[in-house]
Amino acid sequence: MARYLNSDAGRGYLLLLAICLLLATEKVSFTRHAFGPLPDGGYYMNIAQHVRDGDGLVTDLSLAYKGAPYLPYPTDMYPLWPLLYGYLSRIFPLEATGHWLPAILYFTAIACGYVWARGLVPRPLFPRVLPSFNAGHVLAIVLGLDSEFFRYTSYPYTEGLTYVLVFLALWRFNRIWRRPSLRTGLELGAWLALTMLCRKQLFIMTLAAATTLAGAVAFGRGQRRAWLVTAAAAAVAWVALLLPHFLYVASFTPNLGFGLYMRWDQLQHTKVLAPLPTLTEVPTLGAYLKDRFAGFKVAFGTGKMSYTNQYYVFQYAILVALPLVPLRLWQLRRELGPRLRELFAPASMHWVFIVVFALAGFFSIHTMHMHTEGSWEWAFAGRHALTSIFVIVLSLMLLLCSGSFPWTAAGVFLLCTGTYLGVVRVREWSVPAEDDTEPPPSPLVAWINEQRAGRDELVVALRQPQYIAHLTPGVGYHWFHAKTTFKDVCAMTSQLGVDYVVAKGARFASDPAFKAAFELVDTVAAQRIYRPSPGGECAPPVPP
């Protein structure tokens, strides 16, 4: 053991342990005071609650104008996280599990990311100054201090489990790409499917693998048959693992195709409500490119929607490293000469894949120009942009491994500055206020539970019901947002069984048509609660 700890690998793990212990001093404190599930976390918590109780993958929440005809209703959400969360909640308390399990997965993801990145670039980055410091430590620092990853892995969100699977897959891929065969193809497809079952955004990993395999089949002379077998086996495994969930969703979603299966935000259970607009639509390809290109100024700026909010200055490594890219490509051309097939030799395939995957993760975020009716305009500051971390880490590695003083110095500066700013941010979050205690359930929760006690079922229309659904068992919710129209709220009560509308913060509450069609029932903690007027246009049909 002593000999191993004195080796480069042993000292590297000790340094990783030190980084994780320093992060733990902030992470544990933050998680202890991470009260409530937050919006999307509340949705996962509600599904897990049903899994725990033996109801299966169903939910009391009809979000994003899905228009569920009854509640609870089967959920089309990717299943791995709510299943894991729900089954463990049979052993541990639901709310505590929703905070501490993601926190455990936070550190697990950092450890898995370290092993992958160290295998990608095994040599020490600063052999004279800090011989134990390697690429794995760079990844651990950038990921561990990422404000979105740090924050949301203290709530019941998917990111912890997702990135454990992603880094485990990448670690295995480093070996799989070197041994094309039936067996490795099956494993490749299995990993690709598992990441998608945890978060469909990771379809970009499947696209990157398909692109890499296509290149290997086209240019990998002497290995084409092996790569064809690998690609076919990967496709079989991928379909075999995804098909059960696809058929499950198809059982309650008419005319389900793969494109709709991938678009959770556009998958509606009924057509009663207007589809929720999510992406900014443009008429032509030229207009599309111009529109999305405008996002680069936002991404690398310092506004509230920029990368700065979660990556601090780490993201500027992409811009600084850009001049090095053509130099590296020229060097690669000189090494390979005209033999493109050498690029797709097994020894270099893992690099082809990771570069394609990193670029896909980065550019996919830049295609997300969101419709402002339902969210922020750009996703660079949000947790969806965690996929950009791979380009950022590769850019930092390119600078630190350049061997030229200006580029190495720039990489060191960005790494040190980003680390300092990240530590400041997580320390601000982790220090609790003097009165930072878990708040009691709101008066609205008590009112809803009181109404539920006197009837067989209760359905409420509420803005962000995900916060309280786990506190009101047996109550169904239809979600709306600030710009929801009177027409959609009327459809909720007249066609979808909504009994009460909590109208605080909604534009439709000031609509004269709403005031004419609904009557005020109660006011609870400044929240006005309405029901459809009997016989009015928004009243449910009278049973025969």
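This text follows the structure it describes.
All of the points below concern the structure found in this document. The written sequence of each chain sets the order in which its residues are numbered from 1. Local features in this predicted model are restricted to residues whose pLDDT is 70 or higher, and side-chain atom pairs enter the listing and the counts only when it is 80 or higher, whereas totals over whole chains, interfaces and linings include all residues. The side-chain values count all of the structure's non-hydrogen atoms but skip hydrogen atoms and water molecules.

1. As for the state of the cysteines
Piece 1. Only a pair of cysteine sulfur atoms within 2.5 Å qualifies as a disulfide here. Within the structure shown, the criterion is met by one disulfide.
Piece 2. Of all cysteine sulfurs in the structure, the one in cysteine 112 sits closest to cysteine 20, which takes part in no disulfide; the separation is 11 Å.
Piece 3. With relative accessibility at 13%, the residue cysteine 20 sits in the buried group. Exposure categories follow from relative accessible area, calculated using a 1.4 Å probe and restricted to protein chains: below 20% of the type maximum is buried, above 50% is exposed, and the middle band is partly exposed.

2. Section: the environment of glutamine 201
Piece 1. Summarising the element assignment, glutamine 201 is placed in the loop between helix 9 (182–198) and helix 10 (203–219).
Piece 2. On the basis of relative accessibility, which here comes to 19%, the residue glutamine 201 falls in the buried class.
Piece 3. Sequence-wise, glutamine 201 and glycine 418 are 217 residues apart; in three dimensions their C-alpha atoms are separated by 26 Å. Strands here mean DSSP runs of E at least two residues long; helices mean DSSP runs of H or I at least four residues long; both are numbered from the N terminus.

3. With respect to the environment of valine 217
Piece 1. Its location among the elements puts valine 217 in helix 10.
Piece 2. Overall, the relative accessible area of 22% leaves valine 217 in the partly exposed class.
Piece 3. Two residues form a contact once any of their heavy atoms are found within 4.5 Å. What valine 217 contacts, discounting residues up to four positions off in sequence, is Arg224, Trp227 and Leu228.

4. A short note on helix 3 (residues 39–52)
Along an α-helix, a turn takes 3.6 residues, which lines up residues three or four apart on a common side.
Piece 1. Any helix carries an expected span of 1.5 Å times its number of residues minus one. Over its 14 residues, helix 3 extends 20 Å from the first C-alpha to the last, a length consistent with the 20 Å expected when each residue adds 1.5 Å.
Piece 2. For helix 3, a buried count of 12 out of 14 residues is recorded, marking the element as mostly surrounded by other parts of the structure.
Piece 3. On the buried face of helix 3, the contacting elements are strand 1 (58–59), strand 2 (61–62), helix 4 (80–88) and helix 5 (94–120).
Piece 4. Positive backbone phi, approximately 85°, marks glycine 54, located one or two places after helix 3.

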